[in-house]
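Next come the chains, spelled out residue by residue.
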Amino acid sequence: MGHGNGLAVDLYYPFWSRFLDGFDVFVYDLRNHGWNAIGPRSGHNVPNLIRDQEQVVEAIATRYGPTPMIGVFHSLSALTALLSGSLGTGRMGDLSAWILFDPPLYKPRMGEAEFDKSADRSAELARRRADRFREASEFSELLEHLVLTRAVPGAADLMASTVLRESADGESVELRCPREYEAQIFAYARTYAFLVDLGDVPCPTKVIGSDPTLTFSYMPSFNLSHINTVDYDFIPESTHFLQVEHPEECAQLMCDFLKGHALL
């Protein structure tokens, strides 16, 4: 399971914890996110994120052998999976299915201007946002009132504990993924988002989106029901953080899809 830009995979615990009894669950943080150390900004780019993801899948397949493996990817990690030359052809790790949550995609001439505008807006917001706080509770209060208004109880505190770390001086907390790194990915997202061909997916694919009728606060969610090669649903009254807003519904849609393909 992979996470989105500027976040951390532990934030998704209300969702992925539902699979611990029935699956071997592998969660990982993208480079310069979560528990990872901060590396050079020059290395924080989409091609490197794609290679990292390929290596994670390859390592799991090598260590645990040939067993059905499901890729469950949100936002940025969904985009990098789709762009991968090896994951995208189903060779590396032999992924049996993909579950893609709110992938940041658009087709040329379909939402292009809206996507570009939102990418610019998200990059600018990331550059300008506060990146240091006196204490985590200050950050979680902001989240609860501005970002995670629809989330399950405790989600704001969970996000604060997963995307913040103690600063070097020990007098404050700061973002684990520096805001400049997050903005850099947003700024270049449009370069890659239209390269994905959802008409040529390598394995059974389920796309679960946030509510495309809502005003987006992060990135727009596009209705993909016109693409007959993917199984598409959206969660009503959800935003880009749908897995911590409606974890039970997200898990049920995923399990129904896997059952339909004899993978559960």
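Residues numbered from 1 in each chain as written. Predicted model: local features only at pLDDT ≥ 70, side-chain atom pairs only at ≥ 80, totals over all residues. Heavy atoms only, no water.

**Overview of the environment of His3**
What counts, and what does not: In this text, helices come from DSSP runs of H or I with a minimum length of four residues, and strands from runs of E with a minimum of two, each type numbered from the N-terminal end. Accessibility here uses a 1.4 Å probe with only protein chains present; expressed as a share of the type maximum, an area under 20% marks a residue as buried, one over 50% as exposed, and anything in between as partly exposed. In this description, contact between two residues means that some pair of their heavy atoms is separated by no more than 4.5 Å.
By the element assignment, His3 lies in the segment before α1 (13–16). You can call His3 buried: its relative accessible area is 0%. Along the backbone, His3 and Leu76 are 73 residues apart, and their C-alpha atoms lie at a distance of 6.9 Å. Contacts of His3, omitting those with residues within four sequence positions, involve Ala8, Val9, Tyr12, Tyr28, Asp29, Leu30, His33, His74, Leu76 and Ser77.

**Quick word on the confidence of the model for the protein chain**
We count it as follows: Note: pLDDT gives the predictor's confidence per residue, expressed from 0 to 100.
Residues at a pLDDT of 70 or more form 82% of the protein chain, whose mean pLDDT is 85. When the elements of the protein chain are averaged for pLDDT, helix α4 (residues 112–128) gives the smallest value, 56, and α1 the largest, 98. Ignoring residues within four places in sequence, the model shows residues 89–93, a span with pLDDT below 50, making 14 contacts including any to other chains.

**Looking at the sheet that holds strand β1 (residues 69–74)**
Our working definition: For two strands to be treated as a pair, DSSP must find at least two bridges joining them. Lines are fitted to the C-alpha atoms to define the axes, a helix being fitted only along its stretch in contact, and any angle between axes, read from their N-to-C directions, falls within 0 to 180 degrees.
Here four strands make up an open sheet; going across it, the order is β1-β2-β6-β7 and the pairing parallel. Strands with a single pairing partner mark the edges of an open sheet, and in this sheet they are β1 and β7 (231–234). Mean inter-strand twist for the sheet, computed between neighbouring axes without regard to direction, equals 15°. Examined bridge by bridge, strand β2 (residues 95–101) and strand β6 (residues 205–209) share four bridges and lie parallel to one another. Of the residues in β6, the one forming a bridge with Leu100 is Val207. This element, helix α3 (residues 76–83), spans β1 and β2 of the sheet and lies at about 125° to β1.

**Focus on the environment of Pro247**
Take Pro247: it is sitting in helix α9 (residues 247–260). Between the C-alpha atom of Pro247 and that of Tyr13, which follows or precedes it by 234 residues, the distance is 9.1 Å. Setting aside residues up to four positions removed in sequence, Pro247 forms contacts with Pro14, Phe15, Arg18, Val152 and Leu242.

**Looking at the packing of helix α2 (residues 46–64) against α3**
Selection rule: Angle categories: roughly parallel below 35 degrees, roughly antiparallel above 145, roughly perpendicular from 65 to 115, and oblique for all the rest.
Look at α2 against α3: their axes get within 9 Å of each other, and the N-to-C directions meet at 80°. Considered as vectors, α2 and α3 are oriented roughly perpendicular to each other. Of the residues in α3, those in contact with Val46, Leu49, Ile50 and Gln53 of α2 are Leu76, Ser77, Thr80, Ala81 and Leu83.

**Details of the nonpolar core**
Selection rule: What makes a nonpolar core is a set of buried Ala, Val, Leu, Ile, Met, Phe, Trp, Tyr and Cys residues whose side-chain atoms join them at distances within 4.5 Å.
Counting 37 residues, the largest nonpolar core has Phe15, Ile99, Phe101, Phe139, Leu148, Met159 and Leu164 as the members making the most contacts within it. Considering each element in turn, this core owes the most residues, six residues, to α9. With near-sequence residues (within four places) excluded, Leu148 lies in contact with Leu143, Ala155, Ala156, Met159, Phe241 and Val244. Judged by nonpolar contacts, the second largest core, of 28 residues, contains Ile60, Met69, Leu79 and Val230.

**Section: the packing of aromatic side chains**
The condition that has to hold: Planes of paired rings set the category: under 30 degrees apart is stacked, over 60 is edge-to-face and the rest tilted, where pairs are Phe, Tyr or Trp rings (Trp by its six-membered ring) whose centres lie within 6.5 Å. Counted as over-ring charges are cases with an Arg CZ or a Lys NZ within 6 Å of the ring centre that also lie within 35 degrees of the ring normal.
A full pass over the atoms with the stated rule returns six aromatic pairs. A ring pair is formed by Tyr13 and Trp16, whose centres lie 5.2 Å apart and whose planes are at 90°; its orientation type is edge-to-face. Of this pair, Tyr13 and Trp16 both sit in helix α1, three residues apart, which is roughly one turn of that helix. Of the residues examined, Tyr13 reaches a relative accessible area of 43% and is grouped as partly exposed. You can call Trp16 buried: its relative accessible area is 11%. An aromatic cluster of three or more residues is present, and its members are Phe15, Phe19, Phe23 and Phe101. Residue placement shows Arg176 over the ring face of Trp35; its charged tip is 4.7 Å from the ring centre.

**Looking at the environment of Glu141**
By the element assignment, Glu141 lies in helix α5 (residues 136–146). With 19 residues separating them in the primary sequence, Glu141 and Ala160 have C-alpha atoms 9.3 Å apart.

**Re the pairing of β6**
For β6, the tally of buried residues reaches five of five residues, placing the bulk of the element in the interior. By the alternation rule, side chains of β6 split into Thr205, Val207 and Gly209 and Lys206 and Ile208, which are all buried. Taken together, the four bridges between β6 and β7 define a ladder with parallel strand orientation. Residue Val207 lies in a different strand from β7, and its bridge partner there is Tyr232.

**Observations concerning unusual backbone geometry**
Unusually for a residue other than glycine, Asn32 sits at a positive phi of about 65°. Counting through the fold element by element, Asn32 comes out in the loop between α1 and α2. Asn32 sits in the buried class, given a relative accessible area of 4%. Despite not being glycine, Glu237 shows a phi value in the positive range, around 60°. Looking at where Glu237 falls in the secondary structure, it is placed in the loop between β7 and α8 (242–245). The class for Glu237 is partly exposed, based on a relative accessible area of 45%.

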